[in-house]
Amino acid sequence: TYTLTVTPQNLTLDAQVITSYPIATSIFRTKNLVKEIKMDSRGQSVITNIRYPLDYNLTNITPSDAFSTGIYNLQQKSAVSMPIENTDQLSNSDGSNLRTTASSLISYDAQFPFPNLTYRAAIASPLTAFTSSSISSSGLLTKDASYQARVSVDKFDSNGNPLQEHLASGSN
């Protein structure tokens, strides 16, 4: 954990305190940033939570859909620094009134360690009841109902580079 205080040169702006929480996993020794907390000018905490492949437990679980198969692939290829879910939240300075303002979820290809589908949470006003993604004991993705598919990669070349993608609305 480290804390950084940023003081702007323009003295009319408030100093910003940023606290970051990297985590070291015992298996792969990664130093992924899992949480960052900033204070906004109103004294609210602006929290970013990031989840990675090792945050999804696939021990004794057989992947049963494209999402869990992609996570399994990332774990097997030691691509454990690839972000899966990124959620932005606000809370009062005392930690109360936690609400989600934005979130994205990335599904990865079953063969290549590259994103093949991106979801965005459709959030018009902050949500107090938001559920982070998980993989069920039957090997299926469980995600918040606010997630909507946005961009899908349809085709990769032999090196895993995307050749064709389209918006969920149907246009290429």
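Up top is the structure.
To start, this report covers the structure provided alongside it. (Residues numbered from 1 in each chain as written. Predicted model: local features only at pLDDT ≥ 70, side-chain atom pairs only at ≥ 80, totals over all residues. Heavy atoms only, no water.)

Regarding the packing of aromatic side chains
Applying the stated criterion across every chain yields a total of six aromatic pairs. Each ring, one from Phe-112 and one from Phe-156, has its centre 5.7 Å from the other, and the planes form 50°; the classification is tilted. One end of the pair, Phe-112, is in the loop between strand S6 (99–108) and strand S7 (115–121); the other, Phe-156, is in strand S10 (residues 147–156), with 44 residues separating them in the sequence. Both residues of the pair, Phe-112 and Phe-156, belong to the buried class. An angle of 70° between the planes, with centres 5.8 Å apart, marks the rings of Phe-130 and Tyr-147 as edge-to-face. Separated by 17 residues along the polypeptide, Phe-130 in the loop between S7 and strand S8 (134–135) and Tyr-147 in strand S10 bring together distant segments of the chain. Residue classification places Tyr-147 among the buried residues on the basis of a relative accessible area of 6%. (Phe/Tyr/Trp six-rings, centres within 6.5 Å; stacked < 30°, edge-to-face > 60°. Helix = DSSP H or I, 4+ residues; strand = E, 2+ residues; numbered from the N terminus. Buried < 20%, exposed > 50% of the residue type's maximum accessible area, 1.4 Å probe, protein only.)

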